[in-house]
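An overview of the molecular structure
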Amino acid sequence: MVLSFDSLKKLVGNWLFMLFILILTLDPTGSILHLKNIAFVMLVGYNMVCFRPDFSKLPIILAAFSVVVLTWIFATMQDVNIDLDGTFALLKAVSPMVLLLWVREFDLLSLARTPIVISSLVVIILYWIIVAVPEAEGFIYYFFNTQSDDTIMMAWRSFLGIEVFVMYYKSIVSFILVFAVYIAVSFDRQKRNWRIILATLIVLHAFIISGTRSTMLLPFFLFGMVAYREYKDSRYFKYILYPALFVCGIGFVVLLFMLIMEKDETSNLVKYAHLGSYWQLFMDHPSYLLFGQGPGSSFYSAGFRRVVQLTEWTYLELIRYFGILSLVIIYIFYRPLVDLWKNFQSNISYTLFWAYLAYLLIAGTNPLLLSSTGMLVLLIIYSYVEHIKHNTSHV
C-alpha cells in the first residue's frame, strides 16, 4: 500500500505529537531526558511547514501571552521586585499553547493514549521496584530529581491513621482525560475489549499509588458518574443503585471531608497557612487585586515560612500574578466545558466534562494550570472540542 503525500505528512505529524506527549509525561520538568524543548521545537517547525494554521485560535494565544507581558509591565511600573527568571519560566511553561494553531489537524485524545499508558507503566514499575527493594528508593529519587524539580515525590503518608507508601509523579494529573475515555469505553459493551480493560487498570493503578487525596479519589468519582449514566434507566436502578449510590456518595463526601480536616496532615497545615498570607498580602496591597503583583514576583508565606514565588493555591496565584486579567486565563481554561456540555448526549463528552471539571478543581490546590502538563491537558481538550464540532473525532 502506497501512502499519498497528505497521508504521509499526517502520519509523521501524528508520530511527532505522540513523541512530544510521551516526553512531556515522562519528563515534565525537562531535567531527565532533556528532550522536551527539542521535541517542542521540532513539532512546531513541522506544523509550520506542513499544515495551515487555524488563526481562529490566535486570539486565545495572544491573550494569554499579553496577560503575562502586560502584568509584568504594570509590576515594573509599581517598582515590584520581579525575578526575570521566574517570568521567563512562566512564558516557557505556557509556550505549548502555540500548538492550538494546529489542534484541528490532530486527534490528540487518541494520540495520547499510548504515551500515557507507557508513562503509567513506568510509574508502576518504579513503585514496585522500591516496594520490593527499598534500597533503590534513594537512587530513583535522586535520578528523577537531578535539578531539585521534584519530578517524582515519594513518602510514607498517613491516611486516616493508616501508613501507606506512595509515589507521586509530577505529570500524573495530565493522564485524567485519557483515563476518562478508557472508563467510558469500558462501560460500552460494543467497544470494550481486553486491551481497553488492561489500559484502564494500568492507568488506574498509577492514580491509586500517587499519594495525593485528589488523584487517589478522582478515579472513583469518574467511575461513579459513568455508572450512574449507564444504569440510571435500568429497571431495578431506583431500587438498588439509587440507594447504593446515595450511600457511596455520602461515604465519599465524609471521607473527603475527614481527609481535608485531618489536623495531623502536614500538607493541610501548610495550605491553610498559605491562605492567611494571601489575605494579609491583599490587605496590605489592594492594588494587586486589580493590576496584579506581576509574574515572577514573590511574597512571604507562613505555610513555607519563607519568601516564595509559588504556592499550591493556583487560582489565588493567578489573582496575585495578574489581578483582574486573571479572568482571561480562567476563561481560556473553562471555555471548553461549554462545548462539552452542548455535546452531553455523547458518553465520551459526558465523561470528559466531569474529568476536565475535576481537573480544573484539583488545579485549584496544586500548581498545575500554567505548566507544561497543564498545557498538554488544554491542548487535548481543545483538540477534542474542535473534532466534535466537525464530527471528525475517532475516540
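Here's a quick rundown of the structure.

**Here we look at the overall build of the protein**
Secondary structure summary: the protein contains 17 helices and 4 strands in total. The burial tally for the protein puts 50% of its 395 residues in the buried class. Expressed as a percentage of contacts within the protein between residues at least 6 apart in sequence, the contacts between residues at least 24 apart total 73%. Of the roughly 19600 Å² of accessible surface on the protein, 69% is carried by carbon and sulfur atoms.

**A closer look at the nonpolar core**
The biggest cluster of nonpolar side chains holds 95 residues, and the ones touching the most others in it are Phe 17, Leu 99, Ile 176, Leu 177, Leu 352, Tyr 356 and Tyr 359. In this structure Phe 17 touches Leu 43, Asn 47, Leu 99, Phe 106, Leu 108 and Leu 111, once residues within four positions along its chain are discounted. Listed in part, the 14 residues of the second largest apolar core include Ile 152, Met 154, Met 167 and Ile 209.

**Quick notes on the pattern of salt bridges**
Applying the stated rule across the entire model yields 6 salt bridges. In this structure, Lys 57 engages Asp 54 in a salt bridge whose closest nitrogen and oxygen atoms are separated by 3.2 Å. Taken as a pair, Lys 57 and Asp 54 share a single burial class, namely buried. Connected through shared salt-bridge partners, Asp 54, Lys 57, Arg 104, Glu 105 and Glu 386 make up one network.

**Re the side chain of Ser 174**
Among the secondary structure elements, Ser 174 is positioned in the loop between β2 (162–169) and α8 (176–186). The class of Ser 174 is buried, set by a relative accessible area of 3%. Separated by 2.5 Å, the side chain of Ser 174 and the backbone oxygen of Ser 171 make a polar contact. In this structure, Ser 174 is in contact with Thr 25, Ile 116, Thr 373, Leu 376 and Val 377, ignoring residues within four places of it in sequence.

What counts, and where the lines are drawn
- Residues numbered from 1 in each chain as written.
- Predicted model: local features only at pLDDT ≥ 70, side-chain atom pairs only at ≥ 80, totals over all residues.
- Heavy atoms only, no water.
- Helix = DSSP H or I, 4+ residues; strand = E, 2+ residues; numbered from the N terminus.
- Buried < 20%, exposed > 50% of the residue type's maximum accessible area, 1.4 Å probe, protein only.
- Contact = heavy atoms within 4.5 Å.
- Areas by Shrake-Rupley, 256 points an atom, 1.4 Å probe, with all protein chains shown as cover.
- Core = buried A, V, L, I, M, F, W, Y, C linked by side-chain atoms within 4.5 Å.
- Salt bridge = Lys/Arg side-chain N within 4 Å of Asp/Glu carboxyl O.
- Polar contact = N/O pair within 3.5 Å; in protein donor to acceptor, adjacent residues only side chain to side chain.

By themselves, these figures tell us nothing about what the structure is for.
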